[in-house]
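Below are the chains, spelled out letter by letter.
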Amino acid sequence: NPIIMIALYAPDYKKVVTWKKAKGAEVLDSEKSMLERFVTLIKEYDPDILTGYNSDGFDLPYLLARCKKLKVELAIGKDNSSPIAKGRTRQEARIIGIAHVDLYKFIRRVLGRTMKTQSFSLDAVSKELLGKGKKDVDIASIGTAWNAGKIDKFVEYNLHDTKLTYDLMHKVWPSLLEMTKIVGLPLFDA
């Protein structure tokens with residue numbers, strides 16, 4: 001299935017790109033042009049760290065698959081390379097020159113044992129660690145909303161998810177940093 005929108009968030013940067021008219025989003029003419037724009041936005045913002053929630057398990061592999069199908073080079077590495085799938089027993093995406101942190105993995109493996117939640121969904125983890133969760137939206141209705149051209153609430157939902165991910169990163173950053181010091185490995189490897 002096509003990717004219908006991509007959201008990016010930093011304190012000084014909030015952006016949703018899509019290819020259907022929507023309030024609060026940059027609208028492009030196709031999924032292909034949206035993916036190309038995503039690459040441009042990453043290059044322009046030039047982040048040191050790219051954070052996601054289950055980005056190794058879903059987001060980056062899906063982006064890579066759609067880019068391959070649409071013949072788009074996901075050249076977001078500092079050397080214009082695409083993310084490199086790595087790992088024998090688990091999927092990991094390395095991005096040359098950008099530390100990629102999948103918070104889901106860190107929270108589940110490192111912080112999970114001390115948490116009350118039994119679910120490591122973005123909603124459950126955000127509620128426990130941040131005191132706030134995801135926006136309430138019927139995600140199953142996104143196809144109908146897309147076909148009707150009424151995706152404004154999904155733009156808000158998507159941007160809110162990226163803000164939650166950013167806030168989680170900010171919350172766990174001291175633990176991540178301490179772990180890199182203890183084990184003596186770069187952020188991605190730790």
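Whatever comes next refers back to the structure up there.
Every value quoted in this text rests on a predicted model; they were computed, and no experiment measured them.

1. What to know about the nonpolar core
Line of reasoning, step 1. If you look at the biggest cluster of nonpolar residues, it comprises 22 residues, and the most contacted ones within it are Ile6, Leu35, Phe38, Ile42, Leu63, Leu74 and Ile76.
Line of reasoning, step 2. Secondary-structure elements contributing two or more residues to this core are strand S1 (5-10), strand S2 (13-18), helix H1 (31-45) and helix H2 (55-70).
Line of reasoning, step 3. With six residues, H1 is the largest single contributor of residues to this core.
Line of reasoning, step 4. Those residues in contact with Leu74 that sit more than four places away from it in its chain are Phe38, Val39, Leu63, Leu64, Cys67, Ser81, Ser82 and Pro83.
Line of reasoning, step 5. Core analysis: the second largest hydrophobic core is formed by 16 residues, Tyr53, Leu122, Leu164 and Leu168 among them.

2. A look at the layout of surface pockets
Line of reasoning, step 1. Roughly 1600 Å³ of volume is contained in the largest pocket.
Line of reasoning, step 2. What lines the largest pocket is a set of 46 residues, and nearest its centre among them are Ile6, Ala7, Asp59, Asn158 and Thr162.
Line of reasoning, step 3. Listing elements by their share of the lining of the largest pocket, those giving two or more residues are S1, H1, strand S4 (49-52), H2, helix H5 (142-148) and helix H6 (152-183).
Line of reasoning, step 4. It is H6 that contributes the most residues to the lining of the largest pocket, 10 residues altogether.
Line of reasoning, step 5. For the lining of the largest pocket, the residue count by class is 32 nonpolar, 10 polar and four charged.

3. Overview of the packing of H1 against H2
Line of reasoning, step 1. Two elements in contact, H1 and H2, have axes whose closest approach is 10 Å; the angle formed by their N-to-C orientations is 120 degrees. As judged from the angle between their axes, H1 and H2 are oblique. In this structure, H1 meets H2 at a crossing whose hand is left-handed. Residues Glu31, Lys32, Leu35 and Phe38 of H1 form the contact with H2, whose participating residues are Leu63, Arg66, Cys67 and Leu70.
Line of reasoning, step 2. Residues of the contact of H1 with H2, tallied by class, amount to five nonpolar, no polar and three charged.

4. Digging into the sheet that holds S2
Line of reasoning, step 1. The sheet built from three strands is open, its strands ordered S1-S2-S3 with mixed pairing. Edge strands, defined here as strands with exactly one partner in the open sheet, are S1 and strand S3 (26-27).
Line of reasoning, step 2. Two strands pair when backbone bridges link them, and S2 and S3 are joined in this way by two bridges, in the parallel orientation. For Thr18, the partnering residue across the bridge sits in S3 and is Val27.
Line of reasoning, step 3. Contacts from H6 reach S1 and S2, with the element oriented near 40 degrees to S1.

5. Notes on unusual backbone geometry
Line of reasoning, step 1. The phi dihedral of Lys71 is positive, around 60 degrees, even though this residue is not glycine.
Line of reasoning, step 2. Of note, Lys71 is situated in the loop between H2 and strand S5 (84-86).
Line of reasoning, step 3. Phi angles above zero are rare outside glycine, and Asn80 is one such case at about 65 degrees.
Line of reasoning, step 4. Following the sequence through the fold, Asn80 ends up in the loop between H2 and S5.

6. Here we look at the packing of aromatic side chains
Line of reasoning, step 1. Counted by the stated rule, this structure contains five aromatic pairs.
Line of reasoning, step 2. When the centroid spacing of 5.7 Å and the interplanar angle of 75 degrees are considered together, the rings of Tyr53 and Tyr104 count as edge-to-face. With a gap of 51 residues between them, Tyr53 in the loop between S4 and H2 and Tyr104 in helix H3 (residues 103-111) connect regions that are remote in the sequence.
Line of reasoning, step 3. What makes Tyr53 buried here is its relative accessible area of 12%.
Line of reasoning, step 4. The class of Tyr104 is partly exposed, set by a relative accessible area of 23%.

What counts, and at which threshold
Residues numbered from 1 in each chain as written. Predicted model: local features only at pLDDT ≥ 70, side-chain atom pairs only at ≥ 80, totals over all residues. Heavy atoms only, no water. Core = buried A, V, L, I, M, F, W, Y, C linked by side-chain atoms within 4.5 Å. Buried < 20%, exposed > 50% of the residue type's maximum accessible area, 1.4 Å probe, protein only. Helix = DSSP H or I, 4+ residues; strand = E, 2+ residues; numbered from the N terminus. Contact = heavy atoms within 4.5 Å. 1 Å grid on protein atoms, 1.4 Å probe; cavity = no way out; pocket = protein on both sides within 12 Å on 5 of 7 lines; lining within 4 Å. Points joined across faces, edges and corners; volume = space filled by probe spheres on them. Nonpolar A, V, L, I, M, F, W, Y, C, P; charged D, E, K, R; others polar. Axes fitted to C-alpha atoms, helices over the stretch in contact; angles between N-to-C directions. Parallel < 35°, antiparallel > 145°, perpendicular 65-115°, else oblique. Left-handed = near helix turned anticlockwise from the far one by under 90°. Pairing = 2+ DSSP bridges. Phe/Tyr/Trp six-rings, centres within 6.5 Å; stacked < 30°, edge-to-face > 60°.

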